[in-house]
Amino acid sequence: METLFFLIITLVAIVSAILVITCKNPINSALSLIMTFFCLATYYVMLDAPFMAAVQVMVYAGAIMVLIVFTIMLLNIRVDSSKKHSHKLVLGSIIGFFTLLNTIFVLVKSRAALPTGPYSGEMLRSIGHTELVGREMFTNFLLPFEITSILLLVAIIGAVILAKKKI
Amino acid sequence: MGIEILGLPLMYYIAMVAKVLVAFVFVLLTVAYATYAERKIIGHMQVRLGPMRTGWHGLLQPIADGVKLFFKEEIIPAQASTFAFLVAPLIALIPAFITFAVIPFGGIIEVAGYKIPLQIAAYYDTASGQVFDVNVGVLYILAMSSLGVYGIVLAGWASNSKYSLMGGLRASAQMISYELAAGLSIIAVFMLSGTLSLNKIVELQSGWGGFEWFIVKQPLAAFMFFVCSLAEINRTPFDLPEAETELVSGFCTEYSSMKYAMFFMAEYANMVTVCALTVTLFLGGWNGPLTAAMPILGPVYFIAKVYFLMFVCMWIRATLPRYRYDQLMHLGWKVFIPLALVNIVVTGIIGYFI
């Protein structure tokens, strides 16, 4: 059942990821990207990480994509009519080919194994993923957390200064 | 109970389908009759009668409206982006309905020896005797409501008309701003409850005849959440995206027929969801007197509370004039967000000392 569900979601994810780069209209591309993010969120649910799934939908599919859609709308980018250059196509397919080779190599060589360590699926279900993330973030990973928040603060102040020349 | 499909008893599937159908039909009927109730209530508040012609006191009005909208001509503007134009009403409607999956509307009822919790995304574990539900229920609702904005934004953009675009832009800016304030205001509730599961939040509010409701401990959060939710679903006094005096009809100017009706259904379904969520978080959910003896009373109390809040929404619409756009942004960013942050800090300090 779970495998079947995984296959369906993966199919949707791959199709929408392909649509992101093939759609002529940028808004349709953005919609496909939202769909892809949504599929990624379902993977998190299947991995017993519902908190990550909710955050994925809220932050990526919700907030960030709204900004992208907003930008496309405001700049009024219409259907892409630029010519396709052949040398880009050649370079892209070479990179794609080697990435594919690499992926196949990794898939063949490595063995899929469940993660070892204290955080098993049973433990996540009994404690709750949200609580676990919170506890780890404010104990073991406090310093990275604080540094990230300072980084975000800097970004916010920078955005305000750039947007408003006179304060 | 002998039959099992994929490790779960057959009764599980029957109960699940029944719950989904009941909740869906309930929301649809409420949406249909909320339009009627709104016209009637506002009519009487303004010393008018409201709809009177179709059926007794206009009771068949929603059905007549539905039939009319269904048979209207479908118009797609020549310059519109067809795909986005067609898909936008669906994107607006679906999140409004699927949020109901996690809202508990009753306690546990027993049918033919099988215990069913009255919440769609939940099951009763016979081994431990506990109800398990989505343990990030509130986050799920916030995530879905953040998806609902796409419907309106896309509708505004795809129509390729200036009024629609302005409506869409207003809607997205407003929804993003108020989503933040709404999210921050309910953090104070989670600090008290210690969980994100809606089922447990309702459980915590049982007993003491209403004094355990979170609105008693968090009146400011309750008020802010309700107001921010009104802004998020574009209800008056925050209905700027479809301000008819300035923008004709905002993002749905170019829509006709069933697609126009879908936007209205989405608006009212969102109203039901927001009221249900406010009831669950602050007004004790389905709790009430005698629910332990008669579990069937749970849904009755729940529906009564939701309808009361919906009446409040309509009352507000009849009373308050529309906000101006800069006032709206000022209220969201400079009043509600700082207040919500202060509320979190105060809750934290009080929680630390007692």
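Calculation notes
- Residues numbered from 1 in each chain as written.
- Chains lettered and ligands numbered in written order.
- Predicted model: local features only at pLDDT ≥ 70, side-chain atom pairs only at ≥ 80, totals over all residues.
- Helix = DSSP H or I, 4+ residues; strand = E, 2+ residues; numbered from the N terminus.
- Buried ≥ 20, exposed ≤ 12 C-beta atoms within 10 Å, placed from the backbone.
- Contact = placed C-beta atoms within 7 Å.
- Nonpolar A, V, L, I, M, F, W, Y, C, P; charged D, E, K, R; others polar.
- Core = buried A, V, L, I, M, F, W, Y, C linked by C-beta atoms within 7 Å.
- Axes fitted to C-alpha atoms, helices over the stretch in contact; angles between N-to-C directions.
- Parallel < 35°, antiparallel > 145°, perpendicular 65-115°, else oblique.
- Left-handed = near helix turned anticlockwise from the far one by under 90°.
- pLDDT = per-residue confidence, 0-100.
- Domains from an automatic or database assignment.
- Expected span 1.5 Å × (residues − 1).

A. Expanded view of the overall build of chain A. When helices and strands are counted, chain A shows seven helices and zero strands. Along the chain direction, N to C, the helices and strands of chain A fall in the order α-α-α-α-α-α-α. Looking at chain A residue by residue over its 167 residues, the buried ones come to 16%. Pairs at least 24 apart in sequence give 53% of the contacts found in chain A among residues at least 6 apart.

B. Region of interest: the overall build of chain B. If you tally the helices and strands in chain B, you get 12 helices and six strands. Taking all 354 residues of chain B together, the buried fraction comes to 47%. Contacts spanning at least 24 positions in sequence make up 73% of the contacts within chain B whose residues lie at least 6 apart.

C. The interface of chain A and chain B, seen in detail. Taken together, the contact between chain A and chain B spans 18 residues of the former and 19 residues of the latter. Elements represented by at least two residues in the side of chain A that touches chain B include exactly α2 (26-46) and α3 (50-75) of chain A. At 12 residues, the largest contribution of residues to the side of chain A that touches chain B is made by α3 of chain A. Grouping the amino acids of the side of chain A that touches chain B by side-chain chemistry returns 13 nonpolar, five polar and no charged.

D. Expanded view of the nonpolar core. Membership of the largest hydrophobic core comes to 121 residues, with the highest contact counts inside it found for Ala-54 of chain A together with Leu-139 of chain B. Leu-139 of chain B has contacts with Phe-51, Ala-54 and Met-58 of chain A together with Leu-196 of chain B, leaving out every residue within four places of it along the chain.

E. Focus on the packing of helix α5 (residues 162-193) of chain B against helix α12 (residues 325-353) of chain B. Residue and element names in this part refer to chain B. The interhelical angle for the contact between α5 and α12, taken along N-to-C directions, is 15 degrees, at an axis separation of 8 Å. Comparing the axis directions of α5 and α12 gives the class roughly parallel. Our pair here, α5 against α12, has a crossing hand that is left-handed. Here the residues of the contact of α5 with α12 are counted per class, giving 16 nonpolar, eight polar and one charged.

F. Region of the structure containing the confidence of the model for chain B. The pLDDT averaged across chain B works out to 81; a share of 93% of its residues lies at or above 70. Across the interface, the model reports ipTM at 0.77; the global pTM reads 0.84.

G. The packing of helix α3 (residues 82-98) of chain B against helix α10 (residues 257-282) of chain B, seen in detail. All names here are of chain B. Where α3 meets α10, the axes come as close as 8 Å, and the angle between the chain directions of the two elements is 25 degrees. When the axes of α3 and α10 are compared, the pair comes out roughly parallel. α10 is crossed by α3, and the crossing has left-handed handedness. Facing α3, whose interface residues are Pro-89, Ala-92, Leu-93, Ala-96 and Phe-97, α10 presents Lys-259, Met-262, Phe-263, Met-265, Ala-266, Ala-269, Asn-270 and Thr-273. Residues belonging to the contact of α3 with α10 are distributed by class as follows: 10 nonpolar, two polar and one charged.

H. The arrangement of the environment of Leu-152 of chain A in detail. Relative to the assigned elements, Leu-152 of chain A resides in helix α7 (residues 142-163). Measuring from C-alpha to C-alpha, the distance between Leu-152 of chain A and Tyr-60 of chain A comes to 16 Å, with 92 residues separating the pair along the chain.

I. Quick peek at the confidence of the model for chain A. With 89% of its residues at a pLDDT of 70 or more, chain A shows a mean pLDDT of 83. Confidence, read as mean pLDDT per element, is least for helix α5 (residues 121-127) of chain A in chain A (72) and greatest for α7 of chain A (91).

J. Expanded view of the domain arrangement of chain A. Residue and element names in this part refer to chain A. Domain annotation of chain A identifies domain 1 (1-80) and domain 2 (121-167). Domain 1 and domain 2 are separated by 23 Å when their C-alpha centres are compared. The interface is formed by four residues belonging to domain 1 together with six residues belonging to domain 2.

K. Fine view of the environment of Ala-143 of chain B. Residues and elements named next belong to chain B. Tracing the sequence through the fold places Ala-143 in helix α4 (residues 137-158). Here Ala-143 falls in the buried class, since 23 other C-beta atoms lie within 10 Å of it. Sequence spacing of Ala-143 and Thr-99 is 44 residues, and the spatial spacing of their C-alpha atoms is 9.3 Å.

L. Main features of helix α1 (residues 2-22) of chain A. Helix length check: α1 of chain A (21 residues) gives 30 Å between terminal C-alpha atoms against 30 Å at 1.5 Å per residue, within 8%. Little of α1 of chain A sits out of view: just one of its 21 residues are buried.

M. Unusual backbone geometry, seen in detail. All names here are of chain B. With phi around 55 degrees, Val-47 is a residue other than glycine that occupies positive phi space. Here Val-47 is to be found in the loop between α1 (10-45) and α2 (61-70). Residue classification places Val-47 among the exposed residues on the basis of 6 C-beta atoms within 10 Å.

N. Quick look at the environment of Ser-257 of chain B. Residues and elements named next belong to chain B. Relative to the elements of secondary structure, Ser-257 occurs in helix α10. Under the C-beta neighbour-count criterion, Ser-257 is labelled partly exposed, with 15 such atoms within 10 Å. Each C-alpha atom of the pair Ser-257 and Phe-238 lies 25 Å from the other, and the pair is 19 residues apart in sequence. Aside from chain neighbours lying at most four places away, what touches Ser-257 is Leu-69, Lys-72, Glu-73 and Glu-74.

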